[in-house]
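Single-letter residue listing:
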Amino acid sequence: KAGVTQTPRYLIKTRGQQVTLSCSPISGHRSVSWYQQTPGQGLQFLFEYFSETQRNKGNFPGRFSGRQFSNSRSEMNVSTLELGDSALYLCASSLVLAEVGQYFGPGTRLTVT
Amino acid sequence: GESVGLHLPTLSVQEGDNSIINCAYSNSASDYFIWYKQESGKGPQFIIDIRSNMDKRQGQRVTVLLNKTVKHLSLQIAATQPGDSAVYFCAEITTGANSKLTFGKGITLSVRP
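These numbers were taken from a predicted model, which means no experiment stands behind them. (Residues numbered from 1 in each chain as written. Chains lettered and ligands numbered in written order. Predicted model: local features only at pLDDT ≥ 70, side-chain atom pairs only at ≥ 80, totals over all residues. Heavy atoms only, no water.)

A.B. asks: Go over the sheet that holds strand S1 (residues 5–7) of chain A, please, and point to the residues and values.
C.D. replies: Residues and elements named next belong to chain A. In space, the 4 strands of this open sheet follow the order S1-S3-S8-S7, with antiparallel pairing throughout. Only two strands of the sheet have a single partner each, and these edge strands are S1 and strand S7 (64–68). Shown here is a sheet whose adjacent strand axes are inclined to one another by a mean of 20°, direction ignored. Bridge count between strand S3 (residues 19–24) and strand S8 (residues 74–78): 5 bridges; the pairing is antiparallel. Looking across to S8, one finds that leucine 21 is bridged to methionine 76. (Pairing = 2+ DSSP bridges. Helix = DSSP H or I, 4+ residues; strand = E, 2+ residues; numbered from the N terminus. Axes fitted to C-alpha atoms, helices over the stretch in contact; angles between N-to-C directions.)

A.B. asks: Residue-level account of the interface of chain B and chain A, with values.
C.D. replies: Much of the literature gives interface size as the accessible area that the parts lose upon coming together. Each partner contributes residues to the interface: chain B has 20 residues there, and chain A has 21 residues. For the pairing of chain B and chain A, the buried interface totals around 1500 Å² over both sides, and the portion due to carbon and sulfur atoms is 56%. Summed over the shared surface of chain B and chain A, the result is 0 salt bridges. If you look at where chain B meets chain A, you find 4 residue pairs in polar contact (both at pLDDT 80 or more). For the side of chain B that touches chain A, the secondary structure elements donating two or more residues are strand S4 (32–38), strand S5 (45–51), strand S9 (86–93) and strand S10 (101–103) of chain B. Of the residues forming the side of chain B that touches chain A, the biggest block, 4 residues, is contributed by S4 of chain B. Here the side of chain B that touches chain A is built from residues that sort into 10 nonpolar, 6 polar and 4 charged. (Contact = heavy atoms within 4.5 Å. Buried area = accessible area lost by both parts, 1.4 Å probe. Salt bridge = Lys/Arg side-chain N within 4 Å of Asp/Glu carboxyl O. Polar contact = N/O pair within 3.5 Å; in protein donor to acceptor, adjacent residues only side chain to side chain. Nonpolar A, V, L, I, M, F, W, Y, C, P; charged D, E, K, R; others polar.)

A.B. asks: Explain unusual backbone geometry to me, using residue names and the numbers behind them.
C.D. replies: Backbone torsion omega between threonine 7 of chain A and proline 8 of chain A reads -10°, so that peptide bond is classified as cis. Phi is positive for serine 51 of chain A, which is not a glycine, with a value near 50°. Position of serine 51 of chain A among the secondary structure elements: in the loop between strand S5 (42–50) and strand S6 (53–57). We note that alanine 79 of chain B has phi near 50°; this positive angle belongs to a residue other than glycine. Here alanine 79 of chain B shows up in the loop between strand S8 (72–77) and S9.

A.B. asks: Describe the packing of aromatic side chains, listing the residues and the values that go with them.
C.D. replies: This structure, assessed with the given rule, holds 11 aromatic pairs over all chains. Seen in terms of ring centroids, phenylalanine 104 of chain A and phenylalanine 103 of chain B are 6.1 Å apart; in terms of plane orientation they differ by 75°. Their pairing is edge-to-face. Remark: phenylalanine 103 of chain B occurs in strand S10 and phenylalanine 104 of chain A occurs in strand S10 (residues 103–104); the pair is interchain, linking two chains. An aromatic cluster is defined as three or more aromatic residues linked by ring pairs; in this entry it consists of Tyr35, Phe45 and Phe104 of chain A together with Tyr36, Phe46, Phe89 and Phe103 of chain B. (Phe/Tyr/Trp six-rings, centres within 6.5 Å; stacked < 30°, edge-to-face > 60°.)

A.B. asks: A description of the pairing of strand S3 (residues 19–25) of chain B should follow, citing residues and the corresponding values.
C.D. replies: Residue and element names in this part refer to chain B. Residue alternation in S3 divides its side chains into a buried set, Ser19, Ile21, Cys23 and Tyr25, and an unburied set, Ile20, Asn22 and Ala24. Bridge count for S3 against S8 is 6 bridges, and the pairing is antiparallel. Pairing of cysteine 23 across the sheet is with leucine 73, part of S8. (Buried < 20%, exposed > 50% of the residue type's maximum accessible area, 1.4 Å probe, protein only.)

A.B. asks: Run through the pattern of salt bridges, naming residues and quoting values.
C.D. replies: Applying the stated criterion across every chain, the model contains 8 salt bridges over all chains. With a shortest N-O distance of 3.7 Å, lysine 42 of chain B and glutamate 39 of chain B are connected by a salt bridge. For glutamate 39 of chain B, a relative accessible area of 25% corresponds to the partly exposed category. We note a salt bridge from arginine 57 of chain B to aspartate 49 of chain B, for which the minimum N-O separation is 2.6 Å. For arginine 57 of chain B, a relative accessible area of 36% corresponds to the partly exposed category. Look at aspartate 49 of chain B and you get buried, because its relative accessible area is 12%. Through salt bridges that share partners, Arg63, Glu82 and Asp85 of chain A make up one connected network.

Geometric descriptors of this kind do not, in isolation, establish any biological role.
Pasting the structure below:
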């Protein structure tokens, strides 16, 4: 069974631009969560989607948004990029909402210059 | 607010020795505590979890201990191998409507040959 895939793996953007990251969960998994990982703040929860609806949201500004499609694939968007948005963005999937054992993808490394 | 933190940033052990990674948490309402392993270039990988009403749980070469009195969680790795070298995160989750994973900062385990 294929794992969680994220595209692209690496991305370089300029301040003020916007970016869209994609996540394909494990087949059959309906819940997708997004996390931001930085050396200073560690792993921080962004949001979780289940059945195309955002079910939970972390403490991030409105520039961070996401969505989930009917096939459970998810995208997250960051608008008006700031230098501090440089991070590894991780996606995790699970069968059901808020499941303990989530499966993480390899992440997308975003660098904002 | 709730937080999950790790006592030490790095741990170096000799191959074959046992490793003990410690973690402190502050949210007494957490339902589960989880350990993740993250290798370079990969997303976190679920190792083991323990429900809040348990004190100990064993897996393959790993044991998680939960001391609710002092809000302390530990991961014991038996016969540490070079492949165990990674960053380890403790995390907690409170299941329910607003459930989310809250991660600690991470500790690097380095195994000396």
